[in-house]
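# Descriptive analysis of the structure
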Amino acid sequence: MQPATAKWYDRREAVFIEFCIEDSKDVQVKFDKTKLDFSCVGGTDNMKHHNEVELFESIDPNESKHKRTDRSVFCCLKKAEPGKSWPRLTKEKAKLNWLSVDFNNWKDWEDDSDEDLSSFDRFSEMMNNMGGEDDLPDVDGADDESADSDDEKMPDLE
C-alpha cells in the first residue's frame, strides 16, 4: 500500500484536494474535523492507496464532499472558518513527497476583494481606470499645426 499522488489549492470558503488515481475503485473518503482519510484501489496495476492527512485547520465534515472521475478523486473540504487562509494543507510543516500545490488553480484571494467579479468585468474595470486621450503625456511637437515638408501636395500619377 502506498499514498496516492495529490495536489491541493486554497479558496476563501474551502480547500480542494485532487487525488490523481486513474480508474479508481473501492474509494473511501472519511472527513473528520481535523483529518482526512482517503483510500482506494486504482491505477493500471490495481494497487491499494491510502492517504491520511492531519489538516492545517478545522473543516466542516458534514459539508465536505468528494467526487470520483475516471482520472482522479476530487475532494472539497469546507472550512470551519471561511476567509482564513491556509498556507499549507497539513498541520505539520513536513514536506510530503506525494503532495504538491496545484498552481493551475491557485489564487492569492486574500488581497482580492473582487473575487465575485468575472474576468471580463475586472478587465473592463482596469481599462476604464487607465483613462482616455486626455491622460496622455505631451509629446514635443505632436500638437504643432505648422506645415511639415511632407505635408505638400503630391503630384498626380501619369
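The paragraphs below set out a description of the structure included in this document. These figures come from a predicted structure and were not determined experimentally.

## Here we look at the overall build of the protein
Scanning the protein from terminus to terminus reveals 1 helix and 8 strands. In the protein, the succession of helices and strands from N to C terminus is β-β-β-β-β-β-β-β-α. By residue count, 25% of the 158 residues in the protein fall in the buried class. Put simply, 57% of the contacts in the protein that link residues at least 6 apart link residues at least 24 apart. Of the roughly 11600 Å² of accessible surface on the protein, a fraction of 46% belongs to carbon and sulfur atoms.

## Regarding the side chain of Lys79
Along the chain, Lys79 falls in the loop between strand 7 (73-78) and strand 8 (99-101). Separated by 2.8 Å, the side chain of Lys79 and the backbone oxygen of Arg11 make a polar contact.

## Structural notes on the environment of Phe56
Position of Phe56 among the secondary structure elements: in the loop between strand 5 (47-54) and strand 6 (65-68). Sequence-wise, Phe56 and Trp86 are 30 residues apart; in three dimensions their C-alpha atoms are separated by 6.9 Å. Excluding its chain neighbours within four sequence positions, the residues that come into contact with Phe56 are Ser85, Trp86, Pro87, Arg88, Leu89, Thr90 and Lys91.

## As for the sheet that holds strand 8
Spatial ordering of the open sheet is given by 6-7-2-1-8, a layout of 5 strands whose pairing is mixed. The open sheet has two edge strands, strand 6 and strand 8, and neither has a second partner. Taken over all neighbouring pairs, the strand axes of this sheet differ in orientation by 20° on average, direction set aside. Strand direction decides the pairing type here: strand 2 (residues 14-19) and strand 7, joined by 6 bridges, are antiparallel. Bridge pairing in strand 7 links Phe16 to Cys76.

## Thoughts on the side chain of Asp102
Looking at the element boundaries, Asp102 is found in the loop between strand 8 and helix 1 (119-130). Lys7 is the oppositely charged side chain nearest to the buried, salt-bridge-free Asp102, at an N-O distance of 4.6 Å. Among the polar contacts listed, one links the side chain of Asp102 to the side chain of Asn105, at a separation of 2.8 Å.

## Digging into the sheet that holds strand 4 (residues 35-42)
Pairing between the strands of a sheet comes from backbone hydrogen bonds, and it takes one of two forms, parallel or antiparallel. The strand order across the open sheet formed by 3 strands is 3-4-5, and the pairing between neighbours is antiparallel. Edge positions in the open sheet fall to strand 3 (25-31) and strand 5, since each of these has one partner strand only. Neighbour to neighbour, the strand axes of the sheet diverge by 5° on average, direction disregarded. Judged from the 5 bridges that link them, strand 3 and strand 4 form a sheet pairing that is antiparallel. Residue pairing across strands places Lys30 opposite Asp37, the latter belonging to strand 4.

Procedures and definitions
- Residues numbered from 1 in each chain as written.
- Predicted model: local features only at pLDDT ≥ 70, side-chain atom pairs only at ≥ 80, totals over all residues.
- Heavy atoms only, no water.
- Helix = DSSP H or I, 4+ residues; strand = E, 2+ residues; numbered from the N terminus.
- Buried < 20%, exposed > 50% of the residue type's maximum accessible area, 1.4 Å probe, protein only.
- Contact = heavy atoms within 4.5 Å.
- Areas by Shrake-Rupley, 256 points an atom, 1.4 Å probe, with all protein chains shown as cover.
- Polar contact = N/O pair within 3.5 Å; in protein donor to acceptor, adjacent residues only side chain to side chain.
- Pairing = 2+ DSSP bridges.
- Axes fitted to C-alpha atoms, helices over the stretch in contact; angles between N-to-C directions.
- Lys, Arg positive; Asp, Glu negative; His and termini not counted.
- Salt bridge = Lys/Arg side-chain N within 4 Å of Asp/Glu carboxyl O.

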